[in-house]
Amino acid sequence: MIVLHQFDSVYGLPNASPFCMKLEGFLRMTGLPYRIESVHDLASAPKGKAPFVDLDGERIGDSELAMRALERRHGIDLDRDLSPAERAVAQAFRVMLEERTYFALLHERWIEERNWPLVRDGYLGDLPAPVQDAIRDGCRVRIAAQGLGAHTPEEIQELAISDIDALAAWLDRKPYFMGDAPTRADCTVHAFVCNLLGGPFVTPLRDAAQGHVNLVAYNDRMLERYWGRSAAAG
């Protein structure tokens, strides 16, 4: 049995971490049996972050590396019907979301003053205030190291909104991100779209995502098919 180690679900989202939701979404899409163990201390995490999996005695960190290991182990290829060019497009969108959009989302939640209390209480409510502030400062360091931290909040939002617009343009009228059938890309894309649309956060990124009817419908479709829930139900 695969053991998925991830953060607890909060804010009515399948998971407020896009990476945790991505990996569990992959397990749901492939039908691989698994059980969840909640992560409260990252000291035992193989790369110091969640999610990670235990697979036949091997602990594998990072959502992407865990998915690749599972694909090799079980002979899975969700992209078997895609051309090499389509696979390249899917990879480019994944990297865009994980290496830029994510840090804008992190900034909106952890750094923007209007949202910080929601994150603090949702994730860190049991910790002393100095520890909460230290974790928040660590997020600042990560965002600065990625490069977005050099920009103003308005510039960060502008760049992230262009990512959201690109997602909507590529999705167009397709039911799934790469066409008529779900593929590997949907694990990542849906995790981010759901997190952009859901939760209690007030952000321009949420407004931008809600402004694309196709992204809202896509989120509803994926939630119903793989999570057995509606966006309205949370």
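Up top you'll find the structure we're talking about.
**Some remarks on the packing of aromatic side chains**
And then number 1: Within this structure, the stated rule accounts for 10 aromatic pairs.
And then number 2: Here the aromatic rings of Phe-19 and Tyr-102 are separated by 4.9 Å at their centres, their planes lie at 70 degrees, and the arrangement is edge-to-face. Pair noted here: Phe-19 is in helix α1 (residues 18-30) and Tyr-102 is in helix α3 (residues 84-111), with a separation of 83 residues, a long-range link. You'll find Phe-19 and Tyr-102 in the same group, each marked buried.
And then number 3: Aromatic pair Trp-110 and Trp-116: ring centres 6.0 Å apart, planes at 45 degrees, arrangement tilted. The same class applies to Trp-110 as to Trp-116, namely buried.
And then number 4: Site record: aromatic cluster; members linked through ring pairs are Phe-7, Tyr-11, Trp-110, Trp-116, Tyr-123 and Phe-201.

**Focus on the pairing of strand β4 (residues 58-61)**
And then number 1: Relative to β4, strand β3 (residues 52-55) is paired through four bridges, and the arrangement is antiparallel. The residue of β4 that forms the bridge with Phe-52 is Gly-61.
And then number 2: The turn linking β3 back onto β4 is made up of two residues, and Asp-56 within it adopts a positive phi angle of 50 degrees.

**A short note on the pairing of strand β1 (residues 2-6)**
And then number 1: β1 sits mainly inside the fold: five of its five residues count as buried.
And then number 2: Of the two faces of β1, the one holding Ile-2, Leu-4 and Gln-6 and the one holding Val-3 and His-5 are both buried throughout.
And then number 3: As paired strands, β1 and strand β2 (residues 34-38) are joined by five bridges and run parallel to one another. Considered in β2, the bridge of Val-3 is made with Arg-35.
And then number 4: Traced from β1 through α1 to β2, the parallel crossover comes out right-handed.
And then number 5: Note that β1 and β3 share three bridges and pair antiparallel. If you follow Leu-4 over to β3, its bridge partner there is Val-53.

Calculation notes
Each residue is numbered by its place in its chain's sequence as written, counting from 1. Where local features are concerned, this predicted model is filtered to residues with pLDDT of at least 70; where side-chain atom pairs are given and counted, the filter is 80 or more; whole-chain, interface and lining totals use all residues. Just so you know, side-chain values use all the structure's heavy atoms and leave hydrogens and water out. Pairing of aromatic rings covers Phe, Tyr and the six-membered ring of Trp, with a centre-to-centre limit of 6.5 Å; geometry is then stacked below 30 degrees between planes, edge-to-face above 60, and tilted otherwise. Only DSSP runs of H or I covering at least 4 residues are called helices, and only runs of E covering at least 2 are called strands; the numbering of each starts at the N terminus. Exposure categories follow from relative accessible area, calculated using a 1.4 Å probe and restricted to protein chains: below 20% of the type maximum is buried, above 50% is exposed, and the middle band is partly exposed. A pair of strands counts as paired when DSSP detects no fewer than two bridges linking them. Viewed with both strands pointing away, a crossover whose connecting path from the first strand over the helix to the second turns clockwise is right-handed.

Interpretation note: all reported values are geometric properties and have no functional meaning in isolation.
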